[in-house]
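# Observations on the model geometry
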Amino acid sequence: MTLKKTAKTLTISLLFALVAIPVAGQDLLARQAPVDRRAKKLDSIEIRSVVARENMQSPAALLYGDDWNNQYAHRATELPDSFVINLRHFCMPTPSRVVTSNFGSRWGRQHKGLDIKVYIGDTIRSAFNGKVRIVKYERRGYGNYVVIRHPNGLETIYGHLSKHLVKENQVVRAGEPIGLGGNTGRSTGSHLHFETRLCGVALNPALFFDFRNQDVVADQVLFSKDSYQKESTIATRERGKVGNGGYTRDQIYGTPGHSADLASTAVRNTINQPERVYYKVLKGDTLESIASKVGVTVDKLCRLNGYRRNQAIRPGQIIRYI
Ligand SMILES: [Zn+2]
């Protein structure tokens, strides 16, 4: 891992720096303490920036393993039983407040996202920092679309665009324009088809985004397999109200604060839980090898996941380690 390597290199170069100071033993000892303190500070700042860089280069790498490809828009894999999704530093993909179609069953088919009214040429923005995984055209489906993977574990999909503004493998910031609104693919009337996926599985975007109020629903959302269905229904009811047919630009973009009365404070729910971090099991992994890869003990892995020490694990499985 680059991070480990960088951390090691840093420690080594700092050691050299210390050794290279031409001072007598006593002096060295006397000076060492402040140097150590400085070194620590430097270490943590440097490591933090390395982590941030790595997060951008391979977002949510531990959740997705080495599954970075520019081919599949999505392939459903195993979901963690529970997973905290950090929604801080978001940007609404569009200022439009009108949801024209909800997530869920529609005319006997599953609609895997939210449809938001936009006009052709409207700027569509990345919802979070991330890295563009797919930029493609699909005549019978998404039309021109973009898939972005984010460090918080989510992948977002933006469909029916009239134009792409990004390239595959490009690192983007939250709010960066990624395309223009359109009516391409299987679409009647210009709109943005917006999906949020975790491990390839489509989750109701209304669990995270409240388009009518142009806000996220909380700083972080605890996704839990058990309560997903129930939460999803509530989210559709509270945040996914479908707008009426004859839109005016005012209805669509509203005025800031205008629809604040629609917000249901009851559903705003910030879960202040310690951060959880997950690892996706690769072929050949054992609890021991995972423990050493992620830098925790086997005991800790067992405790966090309710495993026995001789627990059988299989590739694709999600294991919590923090
Ligand atoms: Zn749609």
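Residues numbered from 1 in each chain as written. Predicted model: local features only at pLDDT ≥ 70, side-chain atom pairs only at ≥ 80, totals over all residues. Heavy atoms only, no water.

With 74% of its residues at a pLDDT of at least 70, the protein reaches an overall mean of 78. Ignoring residues within four places in sequence, the model shows residues 1-25, a span with pLDDT below 50, making 22 contacts including any to other chains. Throughout residues 256-274 the model reports pLDDT below 50, and contacts reaching past four residues in sequence, or to other chains, amount to 28 contacts. (pLDDT = per-residue confidence, 0-100. Contact = heavy atoms within 4.5 Å.)

The next thing to look at is the coordination of the zinc ion. Octahedral metal centres with six donors ideally show angles of 90 or 180 degrees, and tetrahedral centres with four donors ideally show 109.5 degrees. Of the protein atoms, only H111 (NE2), D115 (OD) and H193 (ND1) coordinate the zinc ion, at distances of 2.0 to 2.2 Å. In the primary sequence, the donor residues of the zinc ion line up as H-x3-D-x77-H. Here H193 lies in strand β13 (residues 191-198) and H111 lies in strand β4 (residues 109-111), a separation of 82 residues in the sequence. Classification of H193 by relative accessible area gives buried; the value is 6%. (Donors = N, O, S within 2.8 Å, 3.2 Å for Na, K, Ca; no water. Helix = DSSP H or I, 4+ residues; strand = E, 2+ residues; numbered from the N terminus. Buried < 20%, exposed > 50% of the residue type's maximum accessible area, 1.4 Å probe, protein only.)

For a regular strand, side chains alternate in direction, first toward one face of the sheet and then toward the other. Burial along strand β5 (residues 114-117) is two-sided: the face carrying L114 and I116 and the face carrying D115 and K117 are both buried. Sheet analysis places strand β2 (residues 99-101) next to β5, joined by two bridges and oriented antiparallel. Note that in β5 the partner of V99 across the bridge is I116. (Pairing = 2+ DSSP bridges.)

So, on to the packing of aromatic side chains. Counted under the stated rule, the structure contains six aromatic pairs. Ring geometry for Y142 against Y145: centres 4.7 Å apart, planes inclined by 40 degrees, an arrangement best described as tilted. Of the residues examined, Y142 reaches a relative accessible area of 10% and is grouped as buried. Looking at Y145, the relative accessible area reads 3%, which means it is buried. Here Y158 and F194 contribute two aromatic rings whose centre-to-centre distance is 5.5 Å and whose plane-to-plane angle is 50 degrees, an arrangement assigned as tilted. Linking Y158 in strand β9 (residues 154-161) with F194 in strand β13, this pair joins segments that are 36 residues apart in sequence. (Phe/Tyr/Trp six-rings, centres within 6.5 Å; stacked < 30°, edge-to-face > 60°.)

Attention now moves to the pattern of salt bridges. One pass over the structure, following the stated rule, counts eight salt bridges. Note that D299 is salt-bridged to R309, the shortest N-O span being 2.7 Å. Highlighted residues: D299 in helix α7 (residues 298-305) and R309 in the loop between α7 and β19 (318-320), separated in sequence by ten residues. It is possible to trace a salt-bridge network through shared partners that takes in R133, R149 and E155. (Salt bridge = Lys/Arg side-chain N within 4 Å of Asp/Glu carboxyl O.)

Attention now goes to the sheet that holds strand β10 (residues 163-164). Strand order in the open sheet formed by three strands is β6-β12-β10, with antiparallel pairing between adjacent strands. Unpaired on one side and paired on the other, β6 (123-125) and β10 mark the two borders of the sheet. Across two bridges, β10 lies against strand β12 (residues 177-180) in antiparallel orientation. Considered in β12, the bridge of K163 is made with L180.

Our focus in this paragraph is the nonpolar core. Counting residues in hydrophobic clusters, the biggest one holds 46 residues, and the most contacted among them are L63, V146, Y158, L198, F208 and F209. Dropping the residues within four chain positions of it, L198 is found in contact with L63, Y64, L79, P80, F83, I85, G153, L154, L203 and F223. By size, the runner-up hydrophobic cluster in this structure holds 14 residues, among which are V281, A291, L301 and Y321. (Core = buried A, V, L, I, M, F, W, Y, C linked by side-chain atoms within 4.5 Å.)

The next thing to look at is the environment of A76. The topology assignment puts A76 in the loop between α3 (61-64) and β1 (82-86). By relative accessible area, which is 63% here, A76 ends up exposed. Taking the C-alpha atoms as reference points, A76 and G200, separated by 124 residues in sequence, lie 4.1 Å from one another. Ignoring anything within four residues of it in the chain, the contact list for A76 reads C199, G200 and V201.

Our next topic: the environment of Q110. Along the chain, Q110 turns up in strand β4. Residue classification places Q110 among the partly exposed residues on the basis of a relative accessible area of 48%. Ignoring anything within four residues of it in the chain, the contact list for Q110 reads G104 and S105.

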